[in-house]
Amino acid sequence: MNIRKFFASDEIATRPLHHVMRAGIILSLLFVVLASMSGRAVAQTIEYDLRTVSVLKINLPVSQAVTVVLSDAVSKIVAADPGIADAQPITDKSIYLVGRSFGTTTVNLYSEDGTPVGLLAVEVGVNSADISRSIRAALPRSDVKVNTVNGRVQLSGSVNDAYSMEKVLEIVDQYGSPSIVNVITLKGGQQVNLEVRILEAQRNAGRELGIQWGGNVGGVSVDIGGGPQNPAANAGSFATFITSVISGVSGVSLNATINALETKRLVRTLAEPNLTTLSGVTASFLAGGQVPIRVNDNNGNSTLTYRDFGVRLEFTPIVLDDNRIQIQLSPEVSSIGSFTATGDPVFNTRTLNATVELRDGQSFAVAGLLQNDNNLRQNQLPWLGEVPVLGSLFKSSSYQKQETELVVIVTPRLVQPAVPGQELATPLDNSAPANDVQFFALGQMEVTRQMRRNFELGAGTSGPFGYIIDLGSEGGE
C-alpha cells in the first residue's frame, strides 16, 4: 500500500468508512513493527586486526554473545574449552562468540595451511556494568568498583558500614558468580547507643471469707470446713457468741471459726540498660543471676546446667541511610515462680522479639503487654448454702487476682567516642567517702564537693572556726 497516496485527502473522502477503519488498523500494525525493528538491540561487534594485534582480550558476560570481525580470512577456529566460550564461524572473516560459563579460555585462529594467525583470550564473567548500576541504585553514597578476574567478580572501593557491605554482597550474589574477590574497605563503623527502659509490674490481690464448723450433734461428730487455715485475729470472740446460742439446744455442741483473709502484693522490676555497639554487631545485657538445674544425660546420670534469669537484653543495630537505625531487639524478663517436687525451679518468663526502625533520638514502645488472671472459688454446704442471707454461714468464698504488665521502651542514638584527653564523668566524681568527723559527728556517709567546700569556708557558722591552738599569754601568765 502506498502510504502517501492513502493519506491523500480526496481519496480518503471517497472511500467507504469500513475501508478507512481497516486501513487504519493496518497502518497501526505497520508502525508497531517499524518501531520494534528500530528498537531492536544490535549485536556487539569487535574488530580484530590480525596484522597488528597478536592476542585480543575479550571480556564477555555469561550467556551473552559478541561478533568478532577479522581483518583477514581464516580457515579454522579451535576453542580450548567450548564449555566456557563457544566460537562458531559465520564467514571466513567473522566469528560468533558465546559465553557459556564462568572462567577463562582461548580461541585459536589458523590459516588455510594450518599456520596460527591469531588468538582470542576470552574471559567469561558477570556483567560488571549491570552490577555497578544495581549497586549505585541501592547504595547511592557508596564507592564500589566492580571488575572481573579469571571469571570471578572483584569488588574494590569503600563503603560506610557493615550493612552497606552486606547489601553489596547480596546484590552481587544475585548474578550467580561462583566466587567473589572482596577487597572493599570500611570507612569506619558507626556506633549506636541504645537506651532501654524495661518495667514489669505484678499486682496480686486475694480475699477469703468463710465459717468453719466443728463439734457434735447427738453424739455424731460434725466438721464442716471453709475458708483458709489461718483465721483472722479476734475471730474467736464472735464465734463464741454464735456457738453459745446454738449450743443452748439439747444434744448440740458446736464451735465455729470465722476465717477472713485479705492479701495484697506488688512487685516492680525495673531495668534501664544503656549499651553501645557498632552497627551490625550484637550487644547483650543481663541483670539477674543464674540458678543450677539438674539434667539427666543419655546414661541416666544427673548433671548441672545453669539457667540465666532476670532482665536480659540482646539487640543488633544497623545504621541505614539518612541516619535511620534498624534495631533487632530481644528483651526477656524472667523470675523464679515456684519449684518442682524435686526442687528444680519453675520460671515465669516474658520474652519479646521485634524489629523497629527509628531515627537518632526517637523513642518507641515495642511492648505493652497486660495480663489479667482472675480466680473465683466458692465452697458451701449443699442446700444450706443456697439459703439467702443465712446461707453465708455455711459457705466459704475466695477471690484471687493477678495482674502483670510489661513495658519496653527503646531510644537509639548515634554516638562518637570521646576525643583524646577528654575526661569522662563517673557517678563518683561528685562524691567522696566521709572522714571520721563527718561520719561520726555529722552522720554523713559521703560528702559532695559543695559540702567539702562549705566545711572549709565555715558556711552556716558564726564566730571563729577551724583549728584553734592556745599558746598561752606572754609574760608567763
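Residues numbered from 1 in each chain as written. Predicted model: local features only at pLDDT ≥ 70, side-chain atom pairs only at ≥ 80, totals over all residues. Heavy atoms only, no water.

*Asks:* Looking at this model, I keep getting lost on the packing of aromatic side chains. Mind explaining?
*Replies:* A ring pair, where both rings are aromatic, is described by two values, the distance of the centres and the angle of the planes. Counted according to the given criterion, the structure contains one aromatic pair. Centre to centre, the rings of Phe439 and Phe440 are 5.0 Å apart; their planes meet at 80°, and the pair counts as edge-to-face. Take Phe439: its relative accessible area is 39%, and that puts it in the partly exposed class. Since its relative accessible area comes to 65%, Phe440 is described here as exposed. Taking the ring centre of Phe347 as reference, the NZ or CZ of Arg307 above it sits at 4.4 Å. (Phe/Tyr/Trp six-rings, centres within 6.5 Å; stacked < 30°, edge-to-face > 60°. Buried < 20%, exposed > 50% of the residue type's maximum accessible area, 1.4 Å probe, protein only. Lys NZ or Arg CZ within 6 Å of the ring centre and 35° of its normal.)

*Asks:* I'm lost on the pairing of strand S20 (residues 345-351) in this one. Help?
*Replies:* Every regular strand shows the same layout, with side chains that alternate between the two sheet faces. With seven bridges connecting them, strand S19 (residues 324-339) and S20 associate as antiparallel partners. What sits directly across from Val333, in S20, is Arg350. The antiparallel hairpin formed by S19 and S20 contains five residues in its connecting segment, where Gly343 sits at a positive phi of about 95°. (Pairing = 2+ DSSP bridges. Helix = DSSP H or I, 4+ residues; strand = E, 2+ residues; numbered from the N terminus.)

*Asks:* What is the right way to look at the nonpolar core in this model?
*Replies:* One recurring pattern in soluble globular proteins is that nonpolar side chains are buried together. Formed by 23 residues in total, the largest nonpolar core has its most connected members in Leu329, Val408 and Val410. When contributions to this core are tallied by element, the ones reaching two or more residues are strand S13 (191-217), strand S18 (302-319), S19, strand S21 (354-359), strand S22 (364-380) and strand S23 (395-415). In this structure Val408 touches Val196, Arg197, Ile198, Leu329, Pro331, Phe364, Ala365, Val366 and Ala367, once residues within four positions along its chain are discounted. One finds Leu70, Ala85, Leu109 and Val122 within the second-largest nonpolar core, a separate group that totals 20 residues. (Core = buried A, V, L, I, M, F, W, Y, C linked by side-chain atoms within 4.5 Å. Contact = heavy atoms within 4.5 Å.)

*Asks:* Just checking my understanding: could you explain the pattern of salt bridges for this structure?
*Replies:* Inspection of the entire model under this criterion finds nine salt bridges. As a salt-bridge pair, Asp143 and Lys145 come within 3.4 Å of each other at their nearest N and O atoms. For Arg413, the salt bridge goes to Glu195, with nearest N and O atoms at 3.1 Å. Of this pair, Arg413 sits in strand S23 while Glu195 sits in strand S13; the two residues are 218 residues apart in sequence, bridging distant segments of the chain. (Salt bridge = Lys/Arg side-chain N within 4 Å of Asp/Glu carboxyl O.)

*Asks:* Just checking my understanding: could you explain helix H4 (residues 128-138) for this structure?
*Replies:* Because each turn of an α-helix spans 3.6 residues, side chains separated by three or four positions end up pointing in the same direction. Taken as a whole, H4 has its buried residues at Ile131, Ser132 and Ile135. Each buried residue of H4 sits inside an arc of 100° when the element is viewed along its axis, so together they form one side. Residues of H4 that are buried in the fold lie against strand S9 (143-149) and helix H5 (162-173). (Arc of directions from axis to C-beta.)

*Asks:* Just to check I follow, could you spell out the sheet that holds strand S4 (residues 76-79) for this structure?
*Replies:* Each strand in a sheet pairs with its neighbour through backbone hydrogen bonds, running either in the same direction (parallel) or in the opposite one (antiparallel). Here we have four strands laid out as an open sheet, ordered S2-S8-S7-S4, and mixed in their pairing. At either margin of the open sheet sits one strand with a lone partner, and together these are strand S2 (55-61) and S4. Each strand axis lies, on average, 20° off the axis of its neighbour in the sheet, ignoring direction. Pairing analysis gives seven bridges linking S2 to strand S8 (residues 116-125), with the strands arranged parallel. Across the sheet, Val55 pairs through a bridge with Leu119, a residue of S8. (Axes fitted to C-alpha atoms, helices over the stretch in contact; angles between N-to-C directions.)

*Asks:* Explain the confidence of the model for the protein here, please?
*Replies:* Note: predicted coordinates in regions of low pLDDT should not be interpreted at a detailed level. Of all residues in the protein, 75% have pLDDT values of 70 or greater, and the mean over the chain is 75. Below a pLDDT of 50 lies the segment residues 23-43, which in the model reaches five contacts outside its immediate sequence neighbourhood of four places, other chains included. pLDDT under 50 marks residues 226-246. Its contacts with residues more than four places away, or in other chains, come to 26 contacts. (pLDDT = per-residue confidence, 0-100.)

*Asks:* Mind showing me how you'd approach the pairing of strand S5 (residues 85-91) here?
*Replies:* With six bridges connecting them, S5 and strand S6 (residues 94-99) associate as antiparallel partners. Bridge pairing in S6 links Gln88 to Tyr96. The hairpin turn running from S5 into S6, its antiparallel successor, is two residues long.

*Asks:* How should I be thinking about the environment of Leu442 in this particular structure?
*Replies:* When you line up the elements, Leu442 lands in the loop between helix H7 (436-441) and strand S25 (446-448). Once residues within four sequence positions are removed from consideration, Leu442 is found in contact with Val437 and Phe455.

*Asks:* Whenever I open this one, unusual backbone geometry confuses me. Can you help?
*Replies:* Negative phi is the rule for most residues except glycine; trans is the rule for most peptide bonds. Not every positive phi belongs to a glycine, and Ser63 is a case in point at roughly 70°. If you trace the backbone, Ser63 turns up in the loop between S2 and strand S3 (65-70). A relative accessible area of 62% means that Ser63 is categorised as exposed.

*Asks:* What am I meant to see in the sheet that holds S3 here?
*Replies:* On the basis of which strands lie adjacent, the open sheet formed by four strands has the order S1-S3-S6-S5 and mixed pairing. Of all the strands in the sheet, the pair left with one neighbour each is strand S1 (45-48) and S5. When strand polarity is set aside, the average angle formed by the axes of neighbouring strands in this sheet is 25°. Pairing geometry for S3 and S6, over five bridges, is antiparallel. When the sheet's bridge partners are listed, Val66 is paired in S6 with Leu97.

*Asks:* What exactly am I supposed to notice about a nonpolar patch on the surface here?
*Replies:* A contiguous nonpolar surface patch, about 370 Å² in accessible area, is contributed by Val387, Val389, Leu390 and Leu393. For Leu393, the position within the fold is in the loop between S22 and S23. Assessed through its relative accessible area of 34%, Leu393 is described here as partly exposed. (Patch = residues over 30% accessible without salt bridge, like charges linked within 9 Å, V, L, I, M, F, W, Y side chains within 5 Å. Areas by Shrake-Rupley, 256 points an atom, 1.4 Å probe, with all protein chains shown as cover.)

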